[in-house]
Amino acid sequence: MVPVTGGVTDVADTALVLGGGGLTAYGWQIGVLAGLADAGVDLADADVLAGTSAGSLLALDLARGAAPAGLYKEQLDRERPMLDVDFTFGMTVRYLWAALGSRDPETVVRRLGRLALSVRDVPQSAVFAAIGAQLPVRDWPDRTVRMFAVDALTGEPTAFDADSGVDLLHAMSATCALPPLFPPISIGAGRWMDGGVRSTTNADLVDDCARVVVLAPIPKGAGASPSARTQAETLASRGARVALLTPDRAARRAFGRNALDASRIPGAAREGRRQGAAHAGRIGEIWQG
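Residues numbered from 1 in each chain as written. Predicted model: local features only at pLDDT ≥ 70, side-chain atom pairs only at ≥ 80, totals over all residues. Heavy atoms only, no water.

**Q** How would you summarise the UniProt feature "active site" (unreviewed entry) in the chain if you had to cite specific residues and measurements?
**A** With numbering aligned to this structure, UniProt lists the feature "active site" (unreviewed entry) at Ser-53 and Asp-194. With the annotated positions falling across 142 residues, the maximum pairwise C-alpha distance of 6.2 Å places them together in a single cluster. For Ser-53, the position within the fold is in the loop between strand 3 (48-52) and helix 2 (54-63). Relative accessible area serves as the criterion here: at 13%, Ser-53 is assigned to the buried category. Setting aside its immediate chain neighbours within four residues, Ser-53 contacts Gly-20, Thr-175, Cys-176 and Asp-194. Mapped onto the elements, Asp-194 comes out in strand 7 (residues 190-194). Filtering out sequence-adjacent residues up to four positions away, Asp-194 remains in contact with Thr-52, Ser-53, Val-150, Ala-174, Thr-175, Cys-176, Ala-177 and Leu-178. Of note is the side chain of Asp-194, whose polar atom sits 3.0 Å from the side chain of Ser-53. (UniProt positions renumbered as here; feature names shortened; annotations may be inferred. Helix = DSSP H or I, 4+ residues; strand = E, 2+ residues; numbered from the N terminus. Buried < 20%, exposed > 50% of the residue type's maximum accessible area, 1.4 Å probe, protein only. Contact = heavy atoms within 4.5 Å. Polar contact = N/O pair within 3.5 Å; in protein donor to acceptor, adjacent residues only side chain to side chain.)

**Q** Residue-level account of the confidence of the model for the chain, with values.
**A** For the chain, mean pLDDT is 92; residues scoring 70 or higher make up 96% of the total. Per-residue pLDDT stays below 50 along residues 1-12; that stretch engages in 41 contacts with residues further than four places along the chain or on separate chains. (pLDDT = per-residue confidence, 0-100.)

**Q** Summarise the environment of Arg-103; cite the residues concerned and give the values.
**A** By the element assignment, Arg-103 lies in the loop between helix 4 (89-99) and helix 5 (105-117). Residue Arg-103 is classed as exposed on the basis of its relative accessible area, which comes to 84%. Separated by 120 residues in sequence, Arg-103 and Gly-223 have C-alpha atoms that sit 7.0 Å apart.

**Q** For the pairing of strand 9 (residues 241-245), give the residues involved together with the corresponding values.
**A** Counting buried positions along strand 9 yields four of five residues, so the element is predominantly enclosed. In this fold, strand 8 (residues 211-215) hands off to helix 8 (residues 228-237), which returns the chain to strand 9; that crossover is right-handed. (Right-handed = clockwise from strand over helix to strand, strands pointing away.)

**Q** Mind laying out the pattern of salt bridges, listing which residues take part and the relevant values?
**A** The final tally for this structure, using the stated rule, is 10 salt bridges. One salt bridge connects Asp-77 with Lys-73, and the closest N-O pair in it is separated by 2.8 Å. With Asp-77 and Lys-73 both in helix 3 (residues 68-77), this residue pair falls four residues apart, about one helical turn. On the accessibility criterion, Asp-77 (41% relative accessible area) is partly exposed. With a shortest N-O distance of 2.8 Å, Asp-204 and Arg-198 are connected by a salt bridge. (Salt bridge = Lys/Arg side-chain N within 4 Å of Asp/Glu carboxyl O.)

Structure follows, in structure tokens:
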């Protein structure tokens, strides 16, 4: 764990930021939350639940009242069918070509935006069908949930929430629309793609909360993408108290090389629980003030 503590602000809110990274990322973060809860640190009670891609689905799960222990059991027993997609070798090459083509983060996002806009053989209806099958609810919950996405046309990020005037299915589809697997989602005048093209966590966008815990299954995206640590330090420089947790070596081994390999979920979840329990003291200090 990387503790990144800042000063005290006059904002009292807590935020849990959940990163993207596929099925193993989802499982690891559930394990972390379960391990923390076992030690008496319940991050599920955050005032703000913010997610990128797979992290958004977990944020929604927590907002609807699912307990970390129950979600953890689901992951171990493989009780919940997860998104079954094939991110091919060719897709990986195209993504990396765009991501590694510049040292400027904004240029990289624009390049990935062009990649997203080039996807014309997959209709948006297919994205809605795939993502809709994962949603445990159809309407925004009463609690504050933010889902990060990036406009493929402009490169600008946003956080969709219940006040955005966007329905839950469109918002979740947008934050999960990873190019070139899925096309960007049309919302208003924008074409919105996976927030992970900008950052694996987008933690710097949660700048209205005093205490923030960031779970980053992938500490840094490809190329010039800012790291989760850099974004946590940005939050701390603005006065927030921040803790960042990333997978250790054993957890990374459990993930394997394919983030969409469902057979790796139980192992990732177990390693997450171990790490959560090990770092509960420090995270609890920040979370509980």
